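# Summary of structural features
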Amino acid sequence: MLPVLDNDRMREADRHTIEDLGVPGMVLMENAATGVVDALRERFPAARSVLVLCGPGNNGGDGLAAARHLANGGHSVEVLLLGDEGRLSPDAAANLRLARAFGVPVEVLSGDDLAPLERALAPDPPDLVVDAMLGTGLDRALSGRLAEVAAKVAGAGVPVLAVDVPTGLNGSSSQVPGPAVTAQLTVTFAALKRCHVLPPAALSCGEVAVVDIGIPPAALEAGCDLWWVEAEDAAFMLPERAPNAHKGHFGHLLIVAGSTGRGGAVAMAARSAVVVGAGLVTMAVPEPLVPVVDGACLEAMTHPLAADRDGGIAVPDGLEPLLGRLTAIAVGPGMGTGDGAARTLDWLLDHWSQSLLLDADAVNLLAGRPERLAGRAVPPVLTPHPGELARLLGHSTEEVVDDRLEAAREAARRSGAVVVAKGFRSIVAAPDGEAWINPTGDAHLASGGSGDVLTGTIAGLLAQGIEPARAAILGCWLHGRAGELGGETFPAATPASSLPELVAEAWRELAGA
């Protein structure tokens, strides 16, 4: 897994490498510049003319060093320096002297005069703009001249390579606080930053390349509590299946869910659990729903529950004899939030202490009281979308969307559960604050029922004895990749009923990785 750092942890890794280990800052800057140039040549092989926009800090120093290497390699390079030469950082000032010594044309933009930038961008624009204006630490919205520069770059329609972080973003934040440069490629150093991987900021970064500049991995991983999951990490989590195994070795999942008109949610969850290898699956649904779900998932068994007049679960009577045979329970898809559903959830929380997944209405029934789950022998798994997560915490949906990572961590801390904050780049958060970002999945999952497939996928893994955080991480990977694979057939959204088979394809792909 790759560490994802905030600004403070990145600065400490830099400091440790320079001050404690004795690697000169100029060496790191030279390595960074070489990485930028290598990535530029690979991603933009046809670019011959390059405009490099440099600020006064070390980010600008990286840009100046990259400009020197590009000029040496035969590119037509022009540098515009935004800032007083006398205010450059020592390493940036050294690279300014080197750039000029190597014949790189450098013009300083003074005051509010942006005429040199306008001339550089039109009528004969460069093939590429390199944004080396600001580093990771911007803590406010762009304003004044920098905001104007960002707007003019955007208006020029020229591809942008951002050095470390696109100007206008903060490395520690998922937010876009104001005007910002949008890059087609961001070349960052040593480790991913939060803005590279969490939306909406990630959408301004384009493709992200991480360049090794000589900071040791131990310095990057020290104290890290946020991780980017790679394919090999997910592949390592796949459960093994011995040649002589039988269904009894792979657990028994009970899905307590459903109400009139919402039986598809139960069937898709059950089918997904079957596909990922749960040995037995039973659907406990209101009695009128039994014929519907029985025919929709042939591999699963059914268990009828008394129905209320609205077609929802009336009471949990009849579940107790099943508990001794189960290894995991999933609750919520299509269940509704009536009195019977609430009594059933409370009964299960009181009588079942092993692997448990709560989704959809089961999460809604805990609105404002996540502490109801605290102290369980096995941490439950919660899979809320932003609205459900907001209700659980007593926040607004806007607050959750603004900082989904912090919301996921708060929910995990208060509930003692593993929380899957669903959405683009789903976040899995553990009660101790550690969190993982899932890289798979796209807009093809924006379809009713796709969350029910995720429920069944994770619950099917839980039933096989996989510990909660690992089941959530692997389940999110498989589910997201299934959506991507569906995009090869379905141009807009992948129908949720097609996802279980695509989850199987994603598993096969991972197993061969």
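Here the structure is a predicted model, which is why all the values come from computation and not from measurement.

## A word on the side chain of N7
Tracing the backbone through its elements, the reader meets N7 in helix 1 (residues 7–20). Assessed through its relative accessible area of 6%, N7 is described here as buried. Once residues lying within four places of it in the same chain are set aside, the contact partners of N7 are T136, G137, N170, G171 and S172.

## Some thoughts on the pairing of strand 17 (residues 418–421)
A two-sided burial pattern is seen for strand 17, the buried positions comprising V418 and V420 on one face and V419 and A421 on the other. In this structure, strand 16 (residues 381–383) lies alongside strand 17, joined through two bridges in parallel fashion. The residue bridging L382 from the neighbouring strand is V419, located in strand 17. Between strand 17 and strand 18 (residues 427–429), which pair antiparallel one after the other, the connecting turn spans five residues, and G423 there sits at a positive phi close to 145°.

## Considering the nonpolar core
Of all hydrophobic cores here, the largest spans 104 residues; its most connected members are V79, L161, I215 and I255. Of the residues forming this core, the biggest block, ten residues, is contributed by helix 19 (residues 468–486). V79 has contacts with V52, C54, L64, A67, V104, P105, V106 and E107, leaving out every residue within four places of it along the chain. Counting 49 residues, the second-largest nonpolar core is a separate cluster that includes V256, L348, L365 and L373.

## A look at the sheet that holds strand 5 (residues 128–132)
Strand-to-strand pairing in sheets goes through backbone hydrogen bonds, with the strands running parallel or antiparallel. In space, the seven strands of this open sheet follow the order 4-3-2-5-6-7-9, with parallel pairing throughout. Unpaired on one side and paired on the other, strand 4 (106–109) and strand 9 (207–211) mark the two borders of the sheet. Between one strand axis and the next, the sheet turns through 20° on average, direction left out of account. For strand 2 (residues 49–54) and strand 5, the ladder comprises five bridges, and the chain directions are parallel.

## Some points on the pattern of salt bridges
Where side chains of opposite charge bring their charged atoms close, a pairing between them can arise. In this structure the tally under the stated criterion is 25 salt bridges. Salt-bridge contacts for D359 lead to K422; the nearest nitrogen and oxygen are separated by 3.5 Å. Placement of the pair is D359 in strand 15 (residues 355–359) and K422 in the loop between strand 17 and strand 18, with a sequence separation of 63 residues. Each of the two residues, D359 as well as K422, counts as buried.

## So, the packing of helix 10 (residues 263–275) against helix 18 (residues 450–463)
It is at 7 Å that the axes of helix 10 and helix 18 come closest, and there the two elements cross at 40°. Of the two possible hands of crossing, helix 10 and helix 18 adopt the one that is right-handed. Contacts between helix 10 and helix 18 pair A265, M268, A269, S272 and A273 from the former with D452, V453, G456, T457 and G460 from the latter. Counted by class, the contact of helix 10 with helix 18 contains five nonpolar, four polar and one charged residues.

## Overview of the sheet that holds strand 19 (residues 435–437)
Strand order in the open sheet made by the twelve strands is 8-1-10-19-18-17-16-15-14-11-12-13, with mixed pairing throughout. The open sheet has two edge strands with one neighbour each: strand 8 (192–193) and strand 13 (301–305). Sheet topology places strand 1 (residues 2–5) next to strand 8; two bridges connect them, and they run parallel. Counterpart to V4 in the pairing with strand 8 is L192.

## Brief notes about helix 2 (residues 25–43)
In a regular helix each residue adds 1.5 Å, so 19 residues correspond to 27 Å; helix 2 covers 27 Å between its end C-alpha atoms and thus fits that length. Taken as a whole, helix 2 has its buried residues at G25, L28, M29, A32, A33, G35, V36, V37, A39 and L40.

## Describing the packing of helix 2 against helix 3 (residues 58–72)
For the pair helix 2 and helix 3, interaxial distance at closest approach is 8 Å and the crossing angle is 60°. Here helix 3 runs oblique to helix 2, going by the angle between their axes. For helix 2 against helix 3, the interelement crossing comes out right-handed. Within the contact between the two elements, helix 2 uses M29, E30, A32, A33, T34, V36, V37, L40 and R41 and helix 3 uses N58, G61, D62, A65, A66, R68, H69 and L70. For the contact of helix 2 with helix 3, a count of residues per class yields nine nonpolar, four polar and four charged.

## Comments concerning a negative patch on the surface
A cluster of acidic residues, E398, E399, D402, D403 and E406, forms a negative patch at the surface. The element that contributes the greatest number of residues to the negative patch is helix 16 (residues 397–402), accounting for three residues. One can find E398 in helix 16. For E398, a relative accessible area of 55% gives the class exposed.

## Section: unusual backbone geometry
Put simply, A122 and P123 share a cis peptide bond, and its omega is 5°. With respect to the secondary-structure elements, P123 resides in the loop between helix 5 (115–121) and strand 5. With an omega of 5°, the peptide bond between P199 and P200 qualifies as cis. Summarising the element assignment, P200 is placed in the loop between helix 7 (194–197) and strand 9. A positive phi is found at A190, a non-glycine position, where the angle reads about 75°. Mapped onto the elements, A190 comes out in the loop between strand 7 (185–189) and strand 8. The phi angle at R425 is positive, at roughly 60°, despite the residue not being glycine. Considering the arrangement of structural elements, one finds R425 in the loop between strand 17 and strand 18.

Here is what the cut-offs are and how they apply
- Residues numbered from 1 in each chain as written.
- Predicted model: local features only at pLDDT ≥ 70, side-chain atom pairs only at ≥ 80, totals over all residues.
- Heavy atoms only, no water.
- Helix = DSSP H or I, 4+ residues; strand = E, 2+ residues; numbered from the N terminus.
- Buried < 20%, exposed > 50% of the residue type's maximum accessible area, 1.4 Å probe, protein only.
- Contact = heavy atoms within 4.5 Å.
- Pairing = 2+ DSSP bridges.
- Core = buried A, V, L, I, M, F, W, Y, C linked by side-chain atoms within 4.5 Å.
- Axes fitted to C-alpha atoms, helices over the stretch in contact; angles between N-to-C directions.
- Salt bridge = Lys/Arg side-chain N within 4 Å of Asp/Glu carboxyl O.
- Left-handed = near helix turned anticlockwise from the far one by under 90°.
- Nonpolar A, V, L, I, M, F, W, Y, C, P; charged D, E, K, R; others polar.
- Expected span 1.5 Å × (residues − 1).
- Parallel < 35°, antiparallel > 145°, perpendicular 65-115°, else oblique.
- Patch = residues over 30% accessible without salt bridge, like charges linked within 9 Å, V, L, I, M, F, W, Y side chains within 5 Å.
- Areas by Shrake-Rupley, 256 points an atom, 1.4 Å probe, with all protein chains shown as cover.
- Lys, Arg positive; Asp, Glu negative; His and termini not counted.
- Charge placed at Lys NZ, Arg CZ, Asp CG, Glu CD.

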